[in-house]
Amino acid sequence: MEQPPFAEEIIQWYQKHHRDLPWRHTLDPYQIWLSEVILQQTRVAQGLPYYQKFVEAFPTVYDLAHASEQEVLRLWQGLGYYSRARNLHACAKSIVADHRGEFPKTYHELLKLKGVGAYTAAAIASFAFNETVPVVDGNVYRVLSRVFGVDDDILSTTGQKNFRKLADQLVPAGQANVYNQAIMEFGALQCTPANPACLLCPLSAMCYAYQHGKQKTLPVKIKKGKVKDRYLHYLVVRLGDKVLMKQRPEKGIWAGLYDFYLIETKQPRKWDELNDPVLNEIIQQQPQVEKSELLQHQLSHQRLHVTFYSIVLNGNLVKEPHYSAGKFYSREEIEELPKPILIDNFLRNNHL
Ligand code: SF4
């Protein structure tokens, strides 16, 4: 079958311009899967050291499956979206338990794995097994929408279906591996969101957006829902060189990671407006309290307004209290705990 000019141009561009990245040198589905999960919602420069750390710590799917959740989360620390790490771990376990340590070889079988969606299944199926199936990520939406003038909302179900159909028609049989890498790389380096390099682009003659000056309006992305404000008051309770920390619940932000004792309010609140049983108990011991600056921390749909209250308990007067909401950890123990980056930064900046 004759290759469509679009695919041909994209592959030729890729052969000249692609970055040399470690996961492009392997056909091992495990390493490809690791790289794809790590790189979701993460830039290559940020994800690369994590990929290297994971491959080094867990060279095979067996090593990852046999690791503790704490080890996996600790290594993941700083990448955010921690459910990805938990799914990664669960998926490794199921590959070992249910597939004798071997990744399924087809897109449809891969899709059945826990935490493996259409994007990751297509990436593994095409990069490791060269199955003719398109990957469709943010870069691909942008390139297709601009080149073919598709103005469907990429966040809508119909839009995604239409893009998927177009992507299906474009992927060249027998070359899915290189084509998929190529179109994603093209979106990442050439047809970038804010400043596409149109003047040097081999597709400009066939590109709808370039021909019609629509680079800024394509792709269409209609954001729904507004950002929610949350007010977090952390009590950083110290006793000697230990700090009170606790594991977060299984649901919600930073699920399963460790942070300090938290009081959350619906509105901004000052220190003397906080009312909480653990705080009331601590205050009775008349500790020294030091308040941090108010920090803002942005998550995808939430804006966190965070204040840390450093509280030093008097070790002479107090035996280690048994707060139901946490446990005192030494500096070495804290180092091993998986923590949100906001908490890790606070610990480092305050030499805790
Ligand atoms: S001409 Fe511009 S908008 Fe069109 S594909 Fe090339 S870089 Fe993207």
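As the structure is a computational prediction, the values presented were derived from the model and not from experiment.

## Remarks on the overall build of the protein chain
If you tally the helices and strands in the protein chain, you get 15 helices and eight strands. Seen through its C-alpha atoms, the protein chain measures out along the principal axes to roughly 80 × 50 × 35 Å. When burial is assessed residue by residue, the protein chain has 32% of its 352 residues classed as buried. Considering only residue pairs separated by 6 or more positions, the protein chain has 68% of its internal contacts joining residues 24 or more positions apart.

## Considerations on unusual backbone geometry
L218 connects to P219 through a cis peptide bond whose omega is 0 degrees. If you trace the backbone, P219 turns up in the loop between α12 (208-212) and β1 (228-239). A positive phi angle is found at R100, which is not glycine, with a value near 50 degrees. Structurally, R100 is set in the loop between α6 (82-99) and α7 (107-110).

## Observations regarding the site of the ligand
In the vicinity of the ligand there are 14 residues, among which C191, P196, C198, C201 and C207 approach most closely. For the shell around the ligand, the secondary structure elements donating two or more residues are α9 (138-148) and α12. Here the shell around the ligand is built from residues that sort into ten nonpolar, three polar and one charged.

## Considerations on the packing of helix α5 (residues 69-76) against α6
For the pair α5 and α6, interaxial distance at closest approach is 10 Å and the crossing angle is 135 degrees. Here α5 lies oblique to α6, going by the angle between them. Judged by the twist between their axes, the crossing of α5 over α6 is right-handed. Packed against α5, whose contacting residues are E69, V72, L73 and W76, the element α6 presents Y82, A85 and H89 at the interface.

## Some words on helix α11 (residues 176-189)
If you check α11, its first and last C-alpha atoms are 20 Å apart, about what 14 residues at 1.5 Å a residue would give, namely 20 Å. Here α11 lies mainly inside the structure; eleven of its 14 residues are buried. Within the span of α11, buried status applies to A176, V178, Y179, N180, Q181, A182, I183, M184, E185, F186 and G187. On its buried face, α11 is in contact with α1 (5-17), α8 (118-129) and α9.

## A short note on the domain arrangement of the protein chain
The domain boundaries assigned to the protein chain delineate domain 1 (5-212) and domain 2 (228-349). Each of domain 1 and domain 2 has a C-alpha centre, and the two are 37 Å apart. Domain 1 puts eight residues into the contact, and the matching count from domain 2 is nine residues. Classifying every residue of the side of domain 1 that touches domain 2 by side-chain character gives two nonpolar, four polar and two charged.

Procedures and definitions
- Residues numbered from 1 in each chain as written.
- Predicted model: local features only at pLDDT ≥ 70, side-chain atom pairs only at ≥ 80, totals over all residues.
- Helix = DSSP H or I, 4+ residues; strand = E, 2+ residues; numbered from the N terminus.
- Buried ≥ 20, exposed ≤ 12 C-beta atoms within 10 Å, placed from the backbone.
- Contact = placed C-beta atoms within 7 Å.
- Near = placed C-beta within 6 Å.
- Nonpolar A, V, L, I, M, F, W, Y, C, P; charged D, E, K, R; others polar.
- Axes fitted to C-alpha atoms, helices over the stretch in contact; angles between N-to-C directions.
- Parallel < 35°, antiparallel > 145°, perpendicular 65-115°, else oblique.
- Left-handed = near helix turned anticlockwise from the far one by under 90°.
- Expected span 1.5 Å × (residues − 1).
- Domains from an automatic or database assignment.

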